[in-house]
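An overview of the molecular structure
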Amino acid sequence: MRTSIGTAAAALATALLVVACTDAGSRTASPDVPPATLGAIRLVAYTGCDDMLAGLREATVKNVGPWGIGPGQIFTATGRSADGRMTADAKSAVPGYSTTNVHEAGVDEPDLVKTDGERIITYARGVLRVVDAASRKVAGSLRLVPPDKGYAPANLLVHGDRALVLFTEGGTVPFGDRAMRPAAPPGPQYTLVDLKEMKILASMATAGSHVDARMIGSTVRIVVRSQPEITFTHQPGPDEPEAELIRRNQEIVRAAPVDAWLPTYEITGPRRATTKHKVACERVSHPRQYSGTSMLTVHTVKLEAGFDGDEPISVAADGDTVYATPTSMYVTSNPRWGFRNAMIDDTPPPPATLTPATPVTPAETGLPPSPVASGPAVTPGGGGSAVTPGGGGSTVAPKDPPSTPPAEKVGPSGDPSMLSLTPMPSLRMRVTDAPPDASPSPTLTSTPAPTAPASPTAPASPTWTPSGAPNATAAPEPPEQTEVHRFDISGAGVPEYVASGAVPGRLLNQYALSEYEGKLRIATTTFDRPGVATEQSTSAVYVLDAATLSKVGEVTGLGDGERIYSVRFIGPVGYVVTFRQVDPLYTLDLRDPAAPKVTGELKITGFSAYLHPAGDGRLIGVGQEASGEGRTLGTQISLFDVSDPSKPARLARFHQEKSGSEAEWDPHAFLYWPATGLAMLPLGSWGGHTDDYRTAALVLKVTDDSITSRGTITHPKEKSPKGFAPATPTIQRCLIVGDTLWTLSDSGLKASDATTLADRSWIPFTG
């Protein structure tokens, strides 16, 4: 007997909702489009420092421009369901406290707050605090950075009585080390704290930028990205040819020592003695082709042992997204544009004042009037089976008749504050050689996007030239692709490299990756312009063999002219949301890795930026409602029926006008508690004035077919200096411990009754 996809999805979704919050337009593609070519990018180790120096110099020389290496500015993204399996009666085994909402069961992720059901550990304003959940009092505190650096953000990983505090922005020195280290290295800092004694045990400072970290058991893997420390001292003259500038910079690169590329880090022990380290040349690997302009380093830290056992390994590659299972860690990068995938802007657009698309009724939330709809269900306009083109194992999403409401053409907005989603011409900036009497201002020329096939090589990033720079010509843009590197982390020791590969397009975040039964599923959008959906944009899901990262199957043509806003893989089923004017929610059958296919589609206004399993064929979507023209109208939480993958339907929704939620771009901010059916998330809302801004924790009741508001929780405003309005604390996280609902802001922790939402205690963060 063959299990139906609906049955399998429902069983896994029931398990996933427990694991995730507890411990324990047209979409056709031309059939004659050839399947994407996926490359194998095998890594090899350098034989020594001489081999490494020669290879890195040669690669970097090819990628240096007239103004140095790369575009110079690096944009980072915070941007962050578990694919584990549990029995259908797992709901009865839910422990009495929530934990961080993570992607994979058994793999913890850094966050602002952690709890083990007895303690609540959090960092705010430079102080690490431990709160006793039973007495609702601070049991211990430790200032980690001086008060004047209390603004420095940090996340936590906790195991037993050890906490690792991750200062990911760099430039922060732990308070106890201030006298020993007058200046911090220009990179992230990691501080290990004994929670019993409330003291610093050790710290590690790295050069570069923090990518991400994951913890399995008590072993933490930290991924850091660094660039070569090469100083380009030549000051170009106004008429100096570009070729001469490049030649001078190439000479500087050819003379650079190996230490310019080797990743470095410092470890400060319990006696505050600092030792400097660098990754050994023999522990650095490289793909067959690489740019030489970036290095990824993976540090392994066992919290019980500290940093002494760390034996980092490095790869001559870039990285912007980390995804891990209990046995595998994947690091991906998109080398085309030369900066992190935060160029996909997932922050809420400016507030809109348009009329809601559907009639609404006020919600009793304490915030501005909010439309709430609990039915009837919105049904799709049609499902349809996928069709297979003439070869290559590529499945193209079928063309369905548009469902209500139909997609509409986007016209330019008359409001200058509104983010336009109107297609724009593809422009390439080219600064031409100007005659002596001409101004060196850039000339914009409209050129078609390149059509070269995807390649597994790591191309050079285009050189972005400052406005008015002389004699600079932008390099041709290579095809956009995402490189994937897999490491085996099944053991507690040093990770082992397994394989590398590449797929066309760009990842949204780690939720676009999922390993299942030996296969890696990966969803990407291919853009004609960086991070901007145009008529040429298209999305796809690729299935790779996890052992080799070679292609097994693919389904293309998802949301042509749109981009991916959210992805969720649950066992053999995938859910992909694309958006530009309307929100198609696609359901995918992934049971046959060689022939994945679209089984259903639902078109509604707005979009879901995060998808969360809610058990029994239900899916919760957190995002924005939008008009038929694609203008956002405020936070929207939707309940989808996905029990029949061929006919996804929306059963209910909650809409808060003129609002946005951190959960739209950071899933850690969303909490679903299946034992009581409560869904909680931070919510910020605004009115018609710049000072009319309010924040709260929104608490919703989710049943099998409805979403209703239970109310909101707010934090008291802080006293401000004379002449200033009181600051509005922004609630960032919600957590459950027993029958208490805790909310966290930068101002303090608040305990509320989980049933009535009545106040129980307020713990201000002072001192």
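The present account deals with the structure reproduced in this document. (Residues numbered from 1 in each chain as written. Predicted model: local features only at pLDDT ≥ 70, side-chain atom pairs only at ≥ 80, totals over all residues. Heavy atoms only, no water.)

Looking now at the overall build of the chain. Along its length, the chain carries 3 helices and 47 strands. For the chain, with 767 residues in total, the buried portion stands at 57%. Summing over all exposed atoms, the chain offers an accessible surface of approximately 30,000 Å²; the carbon and sulfur share of this is 54%. (Helix = DSSP H or I, 4+ residues; strand = E, 2+ residues; numbered from the N terminus. Buried < 20%, exposed > 50% of the residue type's maximum accessible area, 1.4 Å probe, protein only. Areas by Shrake-Rupley, 256 points an atom, 1.4 Å probe, with all protein chains shown as cover.)

With 13 residues, helix α2 (residues 49-61) should reach 18 Å at 1.5 Å per residue; the first-to-last C-alpha distance of 18 Å fits that figure. Every buried residue of α2 is accounted for by Met52, Leu53, Gly55, Leu56, Ala59, Thr60 and Val61. (Expected span 1.5 Å × (residues − 1).)

Here we take up the nonpolar core. With 29 residues, the main nonpolar core has Leu520, Ile522, Val541 and Leu588 as its most contacted residues. For this core, the elements supplying multiple residues, two or more each, are β26 (496-504), β28 (519-526), β29 (538-545), β30 (551-558), β31 (563-570) and β33 (582-589). Per element, the largest residue contribution to this core is 4 residues, and it comes from β29. If near-sequence neighbours (up to four positions away) are discounted, Val541 is found in contact with Ile522, Ala523, Gly553, Glu554, Val555, Leu558, Phe569, Val576 and Leu588. (Core = buried A, V, L, I, M, F, W, Y, C linked by side-chain atoms within 4.5 Å. Contact = heavy atoms within 4.5 Å.)

On to the sheet that holds strand β44 (residues 731-737), then. Spatially, β44-β45-β46-β47 is the arrangement adopted by the 4 strands of the open sheet, whose pairing is antiparallel. Edge positions in the sheet fall to β44 and β47 (759-764), since each of these pairs with one other strand and no more. With direction set aside, neighbouring strand axes in the sheet form an average angle of 20°. Looking at chain direction, strand β46 (residues 748-753) and β47 are connected through 5 bridges and run antiparallel. (Pairing = 2+ DSSP bridges. Axes fitted to C-alpha atoms, helices over the stretch in contact; angles between N-to-C directions.)

The element strand β32 (residues 573-579) is extensively covered by neighbouring structure, given that 7 of its 7 residues are classed as buried. The alternating pattern of β32 places Val573, Tyr575, Val577 and Phe579 on one face and Gly574, Val576 and Thr578 on the opposite face, and all of these are buried. The pairing of β31 with β32 spans 7 bridges and is antiparallel. Each bridged residue has a counterpart across the sheet, and for Arg563 the counterpart in β32 is Phe579. Linking β31 back to β32 in an antiparallel pair, the connection comprises 2 residues, with Gly571 at a positive phi of about 60°.

Spatially, 4 strands are ordered β19-β20-β25-β26 in an open sheet, and the strand pairing comes out antiparallel. One side of each edge strand has no neighbouring strand; the edge strands of this open sheet are β19 (321-324) and β26. On average, each strand axis in the sheet is inclined to that of its neighbour by 20°, with strand direction left out of account. In terms of strand pairing, strand β20 (residues 328-333) meets strand β25 (residues 481-488) through 6 bridges, oriented antiparallel. The partner of Thr332 across the bridge, within β25, is Val484.

Counting across every chain of the model gives 6 aromatic pairs. Between Tyr511 and Tyr610, the ring centres sit 5.8 Å apart and the planes meet at 80°, which makes this aromatic pair edge-to-face. Of this pair, Tyr511 sits in the loop between β26 and β27 (513-516) while Tyr610 sits in strand β35 (residues 607-615), and the two are 99 residues apart along the sequence. Per residue, the accessibility class of Tyr511 equals that of Tyr610, and both read buried. Look at Tyr565 and Phe607: their rings are 4.3 Å apart centre to centre, the planes differ by 50°, and that puts the pair in the tilted class. Residue Tyr565 is found in strand β31, and its partner Phe607 is found in strand β35; the two are separated by 42 residues along the sequence. (Phe/Tyr/Trp six-rings, centres within 6.5 Å; stacked < 30°, edge-to-face > 60°.)

With respect to burial, β29 is a largely interior element, 6 of its 8 residues being buried. Across 5 bridges, the pairing between β29 and β30 is antiparallel. Residue Leu544 lies in a different strand from β30, and its bridge partner there is Lys551. Between β29 and β30, which pair antiparallel in sequence order, lie 5 residues; one of them, Leu549, sits at a positive phi of approximately 60°.

As a further point, take the pattern of salt bridges. Across all of its chains, the model carries 26 salt bridges by this definition. Linking Asp212 and Arg214 is a salt bridge whose minimum nitrogen-to-oxygen distance equals 2.9 Å. The closest approach of N and O atoms between Arg733 and Glu662, which form a salt bridge, is 3.2 Å. Note that Arg733 is positioned in strand β44 and Glu662 in the loop between β39 (659-660) and β40 (671-673), a separation of 71 residues in sequence. Because the salt bridges share partners, they merge into one network encompassing Asp111, Glu662, Asp666 and Arg733. (Salt bridge = Lys/Arg side-chain N within 4 Å of Asp/Glu carboxyl O.)

Mapped onto the fold, Asp318 is located in the loop between β18 (313-315) and β19. Among the polar contacts made by the side chain of Asp318, one reaches the side chain of Arg225 at a distance of 2.5 Å. Of the polar contacts made by the side chain of Asp318, one reaches the side chain of Ser294; its length is 3.5 Å. Ignoring anything within four residues of it in the chain, the contact list for Asp318 reads Arg225, Ser294, Leu296, Thr332 and Ser333. (Polar contact = N/O pair within 3.5 Å; in protein donor to acceptor, adjacent residues only side chain to side chain.)

Our focus in this paragraph is the environment of Gly623. Of note, Gly623 is situated in strand β36 (residues 618-626). Take Gly623: its relative accessible area is 0%, and that puts it in the buried class. For the pair formed by Gly623 and Glu662, sequence separation is 39 residues and the distance between their alpha carbons is 9.9 Å. With residues up to four places along the chain from it excluded, the contact list for Gly623 reads Phe607, Ser608, Ala609, Gly634, Thr635, Gln636 and Glu664.

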